[in-house]
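Results of the structural survey
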Amino acid sequence: MSEIVIKVEDLSKQYRLGQIGTGTLTHDINRWWHKVRGKENPYLKIGEINTHDTKSESKYVWALKDISFDVKKGTSLGIIGKNGAGKSTLLKILSRVTGPTTGAFKVKGRIASLLEVGTGFHPELTGRENIFMNGAILGMTRAEIKKKFDEIVAFSGIERYIETPAKRYSSGMYVRLAFAVAAHLDSEILIADEVLAVGDAEFQKKCLGKMKDVTTEGRTVLFVSHSMPAVRSFCTDAIMLKNGMISMNGKAEDVITKYMSPGNEGDENCKVYTPELTIHNKVKFYSFSVNKPGETSGGSSIPIDSPMELTADLEVIELPPNTRYDITLFFKDDEGQILFVVGSGVHDEDIIKRGRQSIICHIPANLFNSGIFYIDLMIVENRRSALFRENDIVRFVMIDSQLNLGRWMARAPGPLKPFFKWSSTFPVYQ
Amino acid sequence: MQEKEGKEHWDTVIHAKKHKLSFNFSEIWRYRDLILQFAKRDIATVYNQTILGPLWFLIQPILTTLLFMVVFGGIANIKTDPVPSILFYLSGLTIWNYFTNSFTSTANTFVVNAAIFGKVYFPRLVTPLSKVISGLFIFSVQMLLFLAIFIYFMIFKGLTFHFTPYFLLIPYLILMMGAMGLGGGIIISSLTTKYRDLSYLVTFGVQLLMYVTPVIYPMSLLTGKKRLLILANPMSAVVEDFRYAFFPVGAFNWTHLIYSTVFTIIALLLGILLFNKIERNFMDTV
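Structure report, in brief. Source: prediction; values computed, not measured. (Residues numbered from 1 in each chain as written. Chains lettered and ligands numbered in written order. Predicted model: local features only at pLDDT ≥ 70, side-chain atom pairs only at ≥ 80, totals over all residues.)

**What to know about the environment of B:G185**
All names here are of chain B. For clarity, the cut-off: Helix and strand labels come from DSSP, where a helix needs a run of H or I of at least four residues and a strand needs a run of E of at least two; each type is numbered from the N terminus. Residues are treated as contacting if the C-beta atoms built from their backbones sit within 7 Å of each other.
You can see G185 is positioned in helix α8 (residues 170-191). Put simply, G185 and L228 are 43 residues apart on the chain and 25 Å apart in space, counted from C-alpha to C-alpha. Ignoring sequence-local partners within four residues, the contact set of G185 consists of S102, F103, T106, A107 and P128.

Structure below.
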């Protein structure tokens, strides 16, 4: 079991910023001239570590810099880090979509990548044809696909539509079929990037279950995700990337704890979600944040005995008569278990009106226990149809200040810790 | 599992610097099903949601041939004797179309497939190879049209078919057209990942190229410098010899054919070399 199946040695990847045009030609010629004279590529010496926010001096950045690690057979390795840390670049190199700038890696066995499911699906082809097409792209032979065909169709749950062109599928069916094909690959190593971001809850569970099966079969999985609950429930080991370098490598539990700890990487900006997207030309969604009242974007965590305000900043572009919009929030614990659901639909009057506004949900003090919580947000039209749904849009950390003061010895179990009033009455026995 | 350190067996080893000529034929062979899948998809989806469907494969050469008969036969008065002009143009067009098809459909490999190449790995050469194979299918359909008209002329117009050993060269000529198109196409596609300039040349370049290939006129019309110029085009011998296999008029020249063969091999090798070099990192520049 301890055989090393992936060995990564000093892997680096350099990208050039800006546009390709006549300007890049001089660099190419210069590079070529150095090569002709047997010298090193002059642009490899420059380049900065990859921080997105600071304006860089150089036009070259290192998306990955000297990454080395080993993966043992049967491990499921989570790769975590904030956006731009190099997670996807690493997976792209390992799945051979692009090559490293320097360094090397070695692999035992076949690698299949699910960088994005449904690659090569052609809308004009039927479900059946797409299974064969997609399977072949992922490296299966026709005979292999034939053998697994029934299993794939059964897993996807779309038997009835298997002879229908994929362009008539709903996006859900599309994804289910695509994941079904990928999940039945016989490769020794599986690379997955946020595949679980799609599909309904039931299908997500099915996918996680399948991925778990994959590891128990002794296959190796590399998994990139922003969803800590998914990484936690699924990965044995984890790597934390920061600015293109490995900042921690170890057991998944330890790495996640470090990543999530207040003041650390994973804690930054997690309480604010700023999609700035327009939904069906009806609603423009600017941001969503979790704060203490009166605070805009303060400390990273919230004491459990403080009230909270969840603020959605959005603009209703048009509001036809007899239409109302509502926000529904799903509160989840760090294992992804839904604790409760609240929605502005409980009020009879319209909370969300036309124009730009902030919609605030007031949460009383003393509701949550200390811990990490996630929110899924849904924008609902006429209390029936979901216009928009996004999972894990924010994460917030509740801390028990009394615990910090040492008044209590341990954290009480359970995700909630409401403060209920107690009293006593003394009946008068005469 | 008792392998010694340093002598371990790794299935895939990727180094930043790789040998230029490390080319993995066995890997392409392993993906042969994918090549066929792609080819099938191309054929099945080309004329989707059209009424005439695959008939379009035939309409294009028929209309072009008619146009040629009017413009070059009628107006410019180019003599194709003793070959009936419809068969003359159609034979030239059929084989020429296979080249054009193979060339233009592979010349944009990287740009067109960037989305899929960006997500999953398979030997990139699979895509242009599949294009050449789906092109072969279209060619076969057009070839059948040519044969049908040929047989019609044999039965009703008294055209006689002289079987010569050169007839057996036809598969080789087809292979050469495909290989030349593939070689040229992948050279262009490799050169256009970073700087797109060349891709603007492809569409009209191919059109111009047809006029320096004996598609619309017989070689026998040319003499002197003009003849040398046309013969310098490696496609000329293939088109001319293809026609010679059906209508043994004029002279068959082995030297010309060998020249074309050598050219094809060089184009193909150069293409594979370039393609192989580009496919690693093209995602960063495309």
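More follows now that the structure is in view.
**Topic: helix α4 (residues 85-106) of chain B**
How we decide: A helix's residues, less one, multiplied by 1.5 Å, set its expected span. Our exposure labels follow a C-beta count within 10 Å of each residue's own C-beta, placed from the backbone: buried means 20 or more other C-beta atoms, exposed means 12 or fewer, and partly exposed covers the counts in between.
With 22 residues, α4(B) extends 31 Å between its outermost C-alpha atoms, agreeing within 8% with the 32 Å of an ideal straight helix rising 1.5 Å per residue. Across the 22 residues that make up α4(B), a large majority, 19, are buried.

**Quick notes on the packing of helix α3 (residues 127-137) of chain A against helix α4 (residues 142-156) of chain A**
Residues and elements named next belong to chain A. Keep this limit in mind: The axes are straight lines fitted to the C-alpha atoms, using for helices just the contacting stretch, and the angles between their N-to-C directions are given from 0 to 180°. Note on angle classes: values under 35 degrees are labelled roughly parallel, values over 145 roughly antiparallel, values of 65 to 115 roughly perpendicular, and the remainder oblique. In this scheme the handedness of a crossing depends on how the near helix is turned from the far one: anticlockwise by less than a right angle means left-handed, clockwise means right-handed. Three classes are used, and their members are as follows: Ala, Val, Leu, Ile, Met, Phe, Trp, Tyr, Cys and Pro are nonpolar, Asp, Glu, Lys and Arg are charged, and the others, Gly among them, are polar.
At a minimum axis separation of 10 Å, α3 and α4 run at an interaxial angle of 130°. Classified by the angle their axes make, α3 and α4 are oblique. Helix-helix and strand crossings are classified by hand; for α3 and α4 the assignment is right-handed. Where α3 abuts α4, its residues I131, F132 and G135 lie against R142, I145, F149 and I152. Grouping the constituent residues of the contact of α3 with α4 by class yields five nonpolar, one polar and one charged.

**Topic: the sheet that holds strand β17 (residues 338-343) of chain A**
Residues and elements named next belong to chain A. To keep it simple, the criterion reads: DSSP calls a pair of strands paired once it identifies at least 2 bridges connecting them.
What the five strands build is an open sheet, ordered β14-β20-β19-β16-β17; its pairing is mixed. On the outer flanks of this sheet lie β14 (301-303) and β17, each paired with one strand and no other. Here the strands of the sheet are splayed against their neighbours by 30° on average, with no regard to which way each runs. The pairing of strand β16 (residues 325-333) with strand β19 (residues 371-381) spans nine bridges and is classified as antiparallel. The residue of β19 that forms the bridge with F330 is D376.

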